[in-house]
Amino acid sequence: MIQTPAVSVAAIPRRQVIAWALWDWAGAAFNAVITTFVFTVYLTSNLFIDPAVLADRGSNPEAYESAVAGLSSGLALALTIGGIVVALIAPVMGQRSDSSGRRRLWLGINTGVIVLVMALLFFVQAAPGFFAFGVTLIAIGNVFFEIASVNYNAMLVQVSTPRTIGRVSGLGWGAGYLGGIVLLLVLYVGFIAGDGPYWFGVTDANGMNIRVVALFCAAWTLIFALPVLLAVPENKPAAFARGRVSFFRSYVVLIGDIKRLYRDSRPTFYFLLASAVYRDGLAAVFTFGGVLAAVTFGFSAGQVLIFGIAANVVAGIGTIASGLFDDRFGAKPVIITALAGLIMSGTAVFLFHDGGTAAFWIGGLFLCLFVGPAQSASRTFLGRIAPVGREGEIFGLYATTGRAVSFLAPGLFALFITWFGAQYWGILGIILVLVLGLGLLIPVKSPPHSRASRVLTPATE
């Protein structure tokens, strides 16, 4: 193995760590509220179905069911297109922020676009004619959130030491979950519970209460994203920076870097592949959790939101606790344990699908207990193994590989439902993705627990 200069270790000011973690707290507005429990539910509700189809629902149920499916597929299509955009530009944007030393700047720009998108969602009125506008904004927000996350994740190595990288990553993920709890509770009490009028005299006429929620989320993100932009310094340009190249030339550079990554840092390359698969399964747990709760287990809309709050509590606690195990035993054992727990919990949810709300409360919360640790430990695994000075590029590839197979879990979820004719069979599709990801991860060489052994260029095996 070729030895090159090791990473220097310096104490990290606590205020920088807290400021960094607050961006995850800020991101809960988009993750938990906009894309999971509130706004996408609003967009796929009866409010956006043709009134004539709704009026004829009793005599023509097939048309109604087709309209409902059309809303879901329209949202899925918009997100798929956004995912393709992320896959195409994420690694190049990360690569350019590495070489230019402008990681914080790009985090700020992308966060600003996310805030703007959420503010614009206020104009999505409760009428079929506004559906396309709404899902387009969601897709645009998703693109910029993913690109912002590339720079944010790369900052992990700036705000952690070899002994704390697991705990710092867990703190960030945990802050995101806990931020979701606080925000969902506030919004539930202020704008969702009951029939209104709500805070400030807001009513549910024309979806106004949900549209105001989007404004609230924009303000939340703006306020809590500022600390990382003020407290964490810019990254230094990569030690091996090639100089400025054009945007399209960056793709030529990227292809060469991928080839070199495969040749010189196989564990990083194979981890990107394995994590792409199982992270798609992790995303599906949240993406389809609310749908399963409502349709298969009989939850009301309010119960789904309450479950979402509880889910974030459990996930946050599990994630913060897992950081301690990550620093002590390494990221890979945490990921394997979490994936095994998810597979067993998911199987239990499937087997007890006729157990009503109690069955989902128990099985669903166990699923949430393991999702956060798998996500957080994946970030520290990559943070430990990524070549020094190329963190933005590698986390860009991390985003890209995840998007490259993002059809797996949704596709298998739908396929199993089609084959067997009942929604709960889709759970097996998600479990299959998690099993496949676990199988791909097991042979991957685990990185050292310490970032101190990372080198300026990838080591050759």
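What you see is a predicted model, and the numbers here were worked out from it, not measured in a lab.

A. Geometry of the environment of Asp24. By the secondary structure assignment, Asp24 is in helix H1 (residues 14–37). The buried category is assigned to Asp24, whose relative accessible area is 12%. Between the C-alpha atoms of Asp24 and Gly176, which are 152 residues apart in sequence, the distance is 4.4 Å. Setting aside residues up to four positions removed in sequence, Asp24 forms contacts with Tyr152, Gly172, Trp173, Ala175, Gly176 and Arg379.

B. Structural detail: a nonpolar patch on the surface. Together, Leu116, Leu120, Phe123 and Phe133 make up an exposed nonpolar region whose accessible area comes to about 360 Å². Residue position: Leu116 is located in helix H5 (residues 103–120).

C. Representation of the confidence of the model for the protein chain within the structure. In the predicted model, the protein chain carries a mean pLDDT of 79, and 82% of its residues have values of at least 70. Mean pLDDT values over the elements of the protein chain span from 65, in helix H15 (residues 391–404), up to 94, in helix H8 (residues 208–231). In the predicted structure, residues 450–461 sits below a pLDDT of 50 and forms 50 contacts with residues beyond four places in sequence or in another chain.

D. Local environment of the packing of helix H13 (residues 331–351) against helix H14 (residues 356–385). Contact pair H13 / H14: the axes reach a minimum separation of 8 Å and the direction vectors enclose 155 degrees. Relative to H14, H13 is oriented roughly antiparallel. By crossing handedness, the relation of H13 to H14 is classed as left-handed. For the contact of H13 with H14, the residue count by class is 15 nonpolar, 8 polar and 2 charged.

Rules used in this analysis
- Residues numbered from 1 in each chain as written.
- Predicted model: local features only at pLDDT ≥ 70, side-chain atom pairs only at ≥ 80, totals over all residues.
- Heavy atoms only, no water.
- Helix = DSSP H or I, 4+ residues; strand = E, 2+ residues; numbered from the N terminus.
- Buried < 20%, exposed > 50% of the residue type's maximum accessible area, 1.4 Å probe, protein only.
- Contact = heavy atoms within 4.5 Å.
- Patch = residues over 30% accessible without salt bridge, like charges linked within 9 Å, V, L, I, M, F, W, Y side chains within 5 Å.
- Areas by Shrake-Rupley, 256 points an atom, 1.4 Å probe, with all protein chains shown as cover.
- Salt bridge = Lys/Arg side-chain N within 4 Å of Asp/Glu carboxyl O.
- pLDDT = per-residue confidence, 0-100.
- Axes fitted to C-alpha atoms, helices over the stretch in contact; angles between N-to-C directions.
- Parallel < 35°, antiparallel > 145°, perpendicular 65-115°, else oblique.
- Left-handed = near helix turned anticlockwise from the far one by under 90°.
- Nonpolar A, V, L, I, M, F, W, Y, C, P; charged D, E, K, R; others polar.

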